[in-house]
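Read off the chains here:
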Amino acid sequence: MIQLRKEFITLALVLMIAVLLLHGLQMTYEDKEISEVDEYYKEHQEKTGADNLVEAILLDYRAYDTFGEVMVLYIAIAGVIILGKIVTEEGEP
Amino acid sequence: MLNGLNIGLMTILVGLYGMTRTKNSIKMIMCLGIMGSGLILLFVSIGYIPGGGAPIVGHSPEMVDPIPHTVMLTAIVIDLATTALGLALVYHLHQQYNTLDVTEYMGGED
Amino acid sequence: MTSLIVKAAGRALAPFILLSGVYVASFGFLSPGGGFQGGILLASGVILIMVTHGCKEVHRLAENIDWFETFGALTFLVVGLTGLLVGGYLFSNLLPDTPLMCIVLDIVIALKVFAGTVAVFVYFFGMGVEEC
């Protein structure tokens, strides 16, 4: 009985989040237009020298975001390496 | 209405349901991966315009929105990093407590 | 541990996988591809050698893999700070109309993703054995 109630509460929560997401994404269903930022990126693409627009945005216009992402990767890998060193130094627990 | 937006939304909700209902920590990390995949599909579908080609200059006259592609390229790498760190932590917890159940880690009942 | 056929196939395939990784990473500004994809390809070549031949063959790379990671992060930071000092804002393009900055950052990101993936694999692969 208590298991059924938990299932019910979880389903209600998921349905609520589904309704909220659908409400938030309503605009993207209706108008499919390229934004003004995108137009700017396309017009000034020669300045970066990269033909691939994804790379131009990733490494030139928004390189600061990529820097933050690189730092997140660095910290996560450092955590994995430190966890491995703990195992090898203490031996078998 | 089987387009990328709806399928991405459904995948996110499936991952959320699994994450709230399971007690196995490895299954929780798998649900995190499922939610990430749904998010990637959703964002790439938001940037699609009908008849658009790849966002490379000179490839096609009309191209899709390249900004969601860029954001999702970042999200894939963050997904890799969080999965690796989570699995390493789960390995240490399993060595410590000899179980994968998350309720056992706190010692409480549920 | 592994059979002769697997060893020969891995040894024959790995150089081509590494070469395609270098190509995808360094020509990412012209064609589909980029730093992340090239880094994953490079890492898959090294991981193929590790799986077929064991960790002993690449132990010098596996022990010093964290230096690649640090080198990548520091080079990224140096490129950004050079832009700040010369161009006025962080990550400003010093040479407009040339793809030099994209190429340098692509190769740096490829090195970093390669080092991270190989480090994660060494950690999970060397859990059971004493030294990897």
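Bear in mind the structure is a predicted one, so any value in this text is a computation, not a measurement. (Residues numbered from 1 in each chain as written. Chains lettered and ligands numbered in written order. Predicted model: local features only at pLDDT ≥ 70, side-chain atom pairs only at ≥ 80, totals over all residues. Heavy atoms only, no water.)

Engineer: Looking at this structure, I do not really get the overall build of chain C. What am I missing?
Structural biologist: Of the regular secondary structure elements, chain C holds five helices and zero strands. Along its sequence from the N terminus, chain C presents helices and strands in the succession α-α-α-α-α. Projected onto its principal axes, the C-alpha positions of chain C cover 55 × 30 × 15 Å. In chain C, the proportion of contacts linking residues at least 24 apart, taken out of those at least 6 apart, comes to 68%. (Helix = DSSP H or I, 4+ residues; strand = E, 2+ residues; numbered from the N terminus. Contact = heavy atoms within 4.5 Å.)

Engineer: I tried to follow the overall build of chain A on my own but got confused; where do I start?
Structural biologist: Counting secondary structure elements, chain A contains five helices and zero strands. Starting at the N terminus and walking to the C terminus, you meet the elements of chain A as α-α-α-α-α. For chain A, the computed accessible surface area is about 6,100 Å², with 66% contributed by carbon and sulfur atoms. (Areas by Shrake-Rupley, 256 points an atom, 1.4 Å probe, with all protein chains shown as cover.)

Engineer: What's the story with the pattern of salt bridges in this structure? I'm lost.
Structural biologist: Where charged atoms from two side chains of opposite charge come close, those side chains can pair. Per the counting criterion, the structure on display carries three salt bridges over all chains. Here E7(A) and R21(B) are joined by a salt bridge, their closest N and O atoms 3.1 Å apart. With E7(A) in helix α1 (residues 2-24) and R21(B) in helix α1 (residues 4-21), this pair bridges two chains. E7(A) gets classed as partly exposed once you look at its relative accessible area, which sits at 26%. Looking at R21(B), the relative accessible area reads 24%, which means it is partly exposed. Salt-bridge contacts for D38(A) lead to K42(A); the nearest nitrogen and oxygen are separated by 3.7 Å. You can see D38(A) and its partner K42(A) sitting in helix α3 (residues 36-43), four residues apart, about one turn around the helix. (Salt bridge = Lys/Arg side-chain N within 4 Å of Asp/Glu carboxyl O. Buried < 20%, exposed > 50% of the residue type's maximum accessible area, 1.4 Å probe, protein only.)

Engineer: Could you clarify how one ought to interpret the confidence of the model for chain A in this entry?
Structural biologist: Low-pLDDT stretches of the model should not have their predicted coordinates read in fine detail. For chain A, mean pLDDT is 84; residues scoring 70 or higher make up 88% of the total. Looking at the elements of chain A, mean pLDDT is at its lowest for helix α2 (residues 26-30) of chain A, recorded as 76, and at its highest for α1(A), recorded as 91. (pLDDT = per-residue confidence, 0-100.)

Engineer: Is there a simple way to think about helix α1 (residues 4-26) of chain C in this case?
Structural biologist: The periodicity of an α-helix, 3.6 residues per turn, causes residues three or four places apart in sequence to face the same way. Residues and elements named next belong to chain C. With 23 residues, α1 extends 34 Å from end C-alpha to end C-alpha; this agrees with the ideal 33 Å at 1.5 Å per step. Taking the largest bend as the criterion, α1 deviates by roughly 30°, centred on L13, and proline P15 comes between one and four positions later. Against the buried residues of α1 lie α2 (35-53) and α5 (100-125). (Expected span 1.5 Å × (residues − 1). Bend = angle between axes of the 7 residues up to and from the residue.)

Engineer: Looking at this structure, I do not really get the domain arrangement of chain A. What am I missing?
Structural biologist: Note on interface size: it is often stated as the accessible area lost on association of the parts. Segmenting chain A into domains produces domain 1 (1-32) and domain 2 (35-93). Taken over C-alpha atoms, the centre of domain 1 of chain A sits 32 Å from the centre of domain 2 of chain A. (Domains from an automatic or database assignment.)

Engineer: Mind showing me how you'd approach the confidence of the model for chain C here?
Structural biologist: This prediction gives chain C a mean pLDDT of 88; 95% of its residues lie at or above 70. Looking over chain C, one finds the lowest element-wise mean pLDDT in helix α3 (residues 59-63) of chain C, namely 83, and the highest in α1(C), namely 94.

Engineer: For this particular structure, what's the right way to read the environment of L85(C)?
Structural biologist: All names here are of chain C. Checked against the element boundaries, L85 lands in helix α4 (residues 65-87). L85 sits in the exposed class, given a relative accessible area of 75%. Distance in space between the C-alpha atoms of L85 and A9 is 50 Å, their sequence separation being 76 residues.

Engineer: Would you mind going over unusual backbone geometry with me for this structure?
Structural biologist: Residues other than glycine predominantly adopt negative phi, and peptide bonds predominantly adopt the trans conformation. Its identity as a non-glycine residue notwithstanding, N98(B) has a phi of 65°, on the positive side. Inspection of the secondary structure puts N98(B) in the loop between α3 (66-97) and α4 (102-106). We note that D97(C) has phi near 70°; this positive angle belongs to a residue other than glycine. Relative to the helices and strands, D97(C) is located in the loop between α4 and α5. Of the residues examined, D97(C) reaches a relative accessible area of 54% and is grouped as exposed.

Engineer: Whenever I open this one, the packing of α2(C) against α5(C) confuses me. Can you help?
Structural biologist: Between two packed helices, what matters for the description is the angle formed by their axes and the separation of those axes. Residue and element names in this part refer to chain C. Across the interface, α2 lies against α5 with an axial gap of 7 Å and an inter-helix angle of 35°. Regarding α2 and α5, the two cross each other, and that crossing is right-handed. Residues G35, F36, G39, I40, L42, A43, V46, I47, M50 and V51 of α2 form the contact with α5, whose own contacting residues are D106, I109, A110, V113, F114, T117, V118, F121, V122 and F125. Broken down by class, the residue content of the contact of α2 with α5 amounts to 16 nonpolar, three polar and one charged. (Axes fitted to C-alpha atoms, helices over the stretch in contact; angles between N-to-C directions. Left-handed = near helix turned anticlockwise from the far one by under 90°. Nonpolar A, V, L, I, M, F, W, Y, C, P; charged D, E, K, R; others polar.)

Engineer: What is the right way to read the packing of α3(A) against helix α4 (residues 53-61) of chain A from this model?
Structural biologist: All names here are of chain A. The contact between α3 and α4 brings their axes to 11 Å, and the two run at 95°. Taken together, the axes of α3 and α4 are roughly perpendicular relative to one another. Residue-level contacts link Y40, Y41 and K42 of α3 to L53, I57 and Y61 of α4. A per-class count over the contact of α3 with α4 returns five nonpolar, no polar and one charged. (Parallel < 35°, antiparallel > 145°, perpendicular 65-115°, else oblique.)

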